[in-house]
Number of protein chains: 2
Amino acid sequence: MGEFELIERYFRRPVVRNVLGVGDDCALLQPRAGQQLAVSTDLLVEGRHFLSTVDPARLGHKSLAVNLSDLAACGAEPLAFTLSLSLPQVDETWLAGFARGLFALAEAHGCELVGGDTTRGPLTVGITVFGEVPAGQALLRSGARAGDDIWVSGTLGDARLALEAFRGTQSVPAPVFELARQRMELPAPRVALGMALRGIASAAVDISDGLCGDLGHVLARSGVGARVEAELARPLLAAAREGLVLPPEQQLALVMAGGDDYELVFTAPAAQRDAVAAAGRAGATPVTRIGTIEAEPGLRMVDAQGRVRDAAYASFDHFR
Amino acid sequence: MGEFELIERYFRRPVVRNVLGVGDDCALLQPRAGQQLAVSTDLLVEGRHFLSTVDPARLGHKSLAVNLSDLAACGAEPLAFTLSLSLPQVDETWLAGFARGLFALAEAHGCELVGGDTTRGPLTVGITVFGEVPAGQALLRSGARAGDDIWVSGTLGDARLALEAFRGTQSVPAPVFELARQRMELPAPRVALGMALRGIASAAVDISDGLCGDLGHVLARSGVGARVEAELARPLLAAAREGLVLPPEQQLALVMAGGDDYELVFTAPAAQRDAVAAAGRAGATPVTRIGTIEAEPGLRMVDAQGRVRDAAYASFDHFR
């Protein structure tokens, strides 16, 4: 099967929003009046971002989900995406599964494939995603102010728990493993929450490298520090809610630095607590307050007695 | 060196046109009123699209050039791009060279880096490029009509000649090899020509997979056929102009199906010949008329006596 036939068979979809579909040299997009185009790109490499044994439908889902998560962090509404696929061989069963998972999530978010590129090579998935956000309303990393609450969406640390179980470094009962694996392989991008937080959140970022590291980007760009309460963060591990018992320090480390969560961490003035709760309901996503922005730079973890703990949680960095 | 430090050191540039620079979850772009956003994406894989020995500055140039070539084929003006980089290791000399070649071309076209992603993995370069084109004025593949002239820009076949020389299947004198190698490693995207052809060309495509295959896309989308004159096409091999003597059939095959040329093939009504010549001058790019669009489907090659030759030139297809 040739490159063009492959595109035709697996990736051709009716054109809805963009002017031209897959097939011309460029796709043509026109944001509506008063809207800015939010753009993000991610490259997923076999063995680094996904296991070679992953179900292709789940990989299709996750490849788009991690990009939609970037739109969510900006409060943007998904519009379109391009797909670059490098494949070691043409495996039709694999391609059909990948396309099924990809388009199921794309269609759920009204996000259409407008262009792409396929080639032979190491298994690699590159997606660039486009969303719309009213001019001036995008959520940025730079808006956190001292006194703001720090919030996170959903649950944290379970994707890393699943990875450690796959690696054999952590033993996990089967039902908990399935939950954790689903968090790793089928992350739910918090698009509706991000859009609902426009005008409410002062800063936002999505958690791909770990809460500690990604919150660190907000702190750096905003020129502030943070105090996170261990007793509020630790219970965010969904596996613990399902009965998995881990040493408290290990559980906290998974939450703070696990990575691959694709939840949002965001800040908002304390006066907006009701509005944040309403945004969580609008986005059908639990939100939890875990700390406070402070003027003093750095991230401080405090215990139940309010004492600053001596602990560093490094972000999962792809080049370390 | 960590991922974020790597981005900071090699890929941070002052922000000009977009609202946010590299570093937030999304870049924000706002096309000017009345403009559409043209989007294209390409993934370059080591061993498939470039040799492992290529000079990193030339690879940086080519990675962006092949994307700008897609904008050229649409008549779009470059605006911005995102970069996804998968690297087997952090090699600072390599990165500095890659960034130098990349940004030299980007700055020459006023095209700024607005986002990206770096990871460890097989050497892979993914770029998505954005351009602006006045609404309704994009050059498409679907506009060729019977009677239109068929034109190509620049010279063709030399990149493939260099590849064959690298492979050892073709012996080429050193000065000719340098010329051919430059065509392979430093293609010049025909952006100014593409913009000058707005309102003049009836259809256009860039030549990445070979003239025959890419012109074939125009024919298929336009529902027409073509007659190409061998005597007009064959001299397009620059190496032949430099004195390289090849069997005529082999020379023609390089021109028709060599690939990796990043020239434009476009059609225009015969009444536009002066306008096409003026666009060539405006774009500082030679243009050559090589044939005619016909109502009958298919691509026919005719000899100096106007006889249809029996020859098929397959496009270079990445999955064959």
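Keep in mind that what you see is a predicted model, and the values were worked out from it rather than measured. (Residues numbered from 1 in each chain as written. Chains lettered and ligands numbered in written order. Predicted model: local features only at pLDDT ≥ 70, side-chain atom pairs only at ≥ 80, totals over all residues.)

Time to look at the domain arrangement of chain A. Residue and element names in this part refer to chain A. Taken domain by domain, chain A consists of domain 1 (3-134) and domain 2 (149-302). Between domain 1 and domain 2, the C-alpha centre-to-centre distance is 26 Å. Listed by partner, the interface residues are 18 residues for domain 1 and 18 residues for domain 2. Put simply, the parts of the chain that give the side of domain 1 that touches domain 2 at least two residues each are α2 (56-74) and β3 (77-87). Examining the composition of the side of domain 1 that touches domain 2, we find that twelve residues originate from one element, α2, more than from any other. (Domains from an automatic or database assignment. Contact = placed C-beta atoms within 7 Å. Helix = DSSP H or I, 4+ residues; strand = E, 2+ residues; numbered from the N terminus.)

All names here are of chain B. Here strand β11 (residues 298-302) shows one buried face, formed by L299 and M301, and one open face, formed by G298, R300 and V302. Pairing analysis gives five bridges linking strand β8 (residues 225-229) to β11, with the strands arranged parallel. Across the sheet, E229 pairs through a bridge with V302, a residue of β11. (Buried ≥ 20, exposed ≤ 12 C-beta atoms within 10 Å, placed from the backbone. Pairing = 2+ DSSP bridges.)

Bringing the relation of the copies chain A and chain B into the picture now. Mapping chain A onto chain B leaves a residual RMSD of 0.0 Å; the transformation is a rotation of 180 degrees accompanied by 0.0 Å of translation along its axis. Overall, the copies show the geometry of a two-fold rotation axis. When the interface residues of chain A are mapped onto chain B, 100% of them again lie at the interface, so the same face is used by both copies. (Least-squares fit on C-alpha atoms with pLDDT ≥ 70 in both.)

A few words on the environment of P122(A). Tracing the backbone through its elements, the reader meets P122(A) in the loop between β4 (112-120) and β5 (124-134). Distance from P122(A) to G154(A), taken between C-alpha atoms, is 33 Å for residues 32 residues apart in sequence. P122(A) has contacts with E46(A), S86(A), P88(A) and P122(B), leaving out every residue within four places of it along the chain.

Bringing the packing of helix α7 (residues 211-222) of chain B against helix α10 (residues 248-257) of chain B into the picture now. All names here are of chain B. α10 packs onto α7 with a crossing angle of 45 degrees between their chain directions and a minimal axis gap of 5 Å. Viewed along their axes, α7 and α10 adopt a mutual orientation that is oblique. From α7, L211, C212 and G213 reach across to α10, where they touch V255, M256 and A257. In the contact of α7 with α10, the residues fall into five nonpolar, one polar and no charged. (Axes fitted to C-alpha atoms, helices over the stretch in contact; angles between N-to-C directions. Parallel < 35°, antiparallel > 145°, perpendicular 65-115°, else oblique. Nonpolar A, V, L, I, M, F, W, Y, C, P; charged D, E, K, R; others polar.)

Let us now look at the sheet that holds β8(B). Residues and elements named next belong to chain B. Taken in spatial order, the six strands of this open sheet run β7-β9-β6-β10-β8-β11, and their pairing is mixed. Sheet topology places β7 (203-206) and β11 at the edges, where each strand pairs with a single neighbour. The mean inter-strand angle of the sheet, taken between neighbouring strand axes irrespective of direction, is 25 degrees. With four bridges connecting them, β8 and strand β10 (residues 287-294) associate as antiparallel partners. Residue pairing across strands places A226 opposite I293, the latter belonging to β10. Relative to the sheet, α7 contacts β6 (149-153), β7, β8, β9 (264-268) and β11, its axis offset from that of β7 by approximately 145 degrees. Together, β6, β9 and β10 form the strand contacts of helix α11 (residues 273-282), whose direction differs from that of β10 by roughly 140 degrees.

Across a sheet, strands are paired by hydrogen bonds formed along the backbone, either parallel or antiparallel in direction. Residues and elements named next belong to chain A. Across the sheet, which stays open at both edges, the six strands sit in the order β7-β9-β6-β10-β8-β11 with mixed pairing between neighbours. Pairing within the sheet leaves two strands with one partner each, and these edge strands are β7 (203-206) and β11 (298-302). Each neighbouring strand pair of the sheet contributes to a mean axis angle of 25 degrees, computed without reference to strand direction. Against the sheet, helix α11 (residues 273-282) contacts β6 (149-153), β9 (264-268) and β10 (287-294), and its axis sits at roughly 140 degrees relative to β10.

To continue, consider the interface of chain A and chain B. Contacts between the two partners involve 54 residues from chain A, matched on the other side by 54 residues from chain B. Secondary structure elements with two or more residues in the side of chain A that touches chain B: α1 (3-11), β1 (27-29), β2 (35-45), α2, β3, β4, β5 and β7 of chain A. Per-element accounting of the side of chain A that touches chain B gives the leading share, nine residues, to β2(A). Residues of the side of chain A that touches chain B, tallied by class, amount to 25 nonpolar, 17 polar and twelve charged. Bridging between β1(A) and strand β2 (residues 35-45) of chain B involves three bridges; their strand directions are antiparallel. Note that in β2(B) the partner of A27(A) across the bridge is V39(B).

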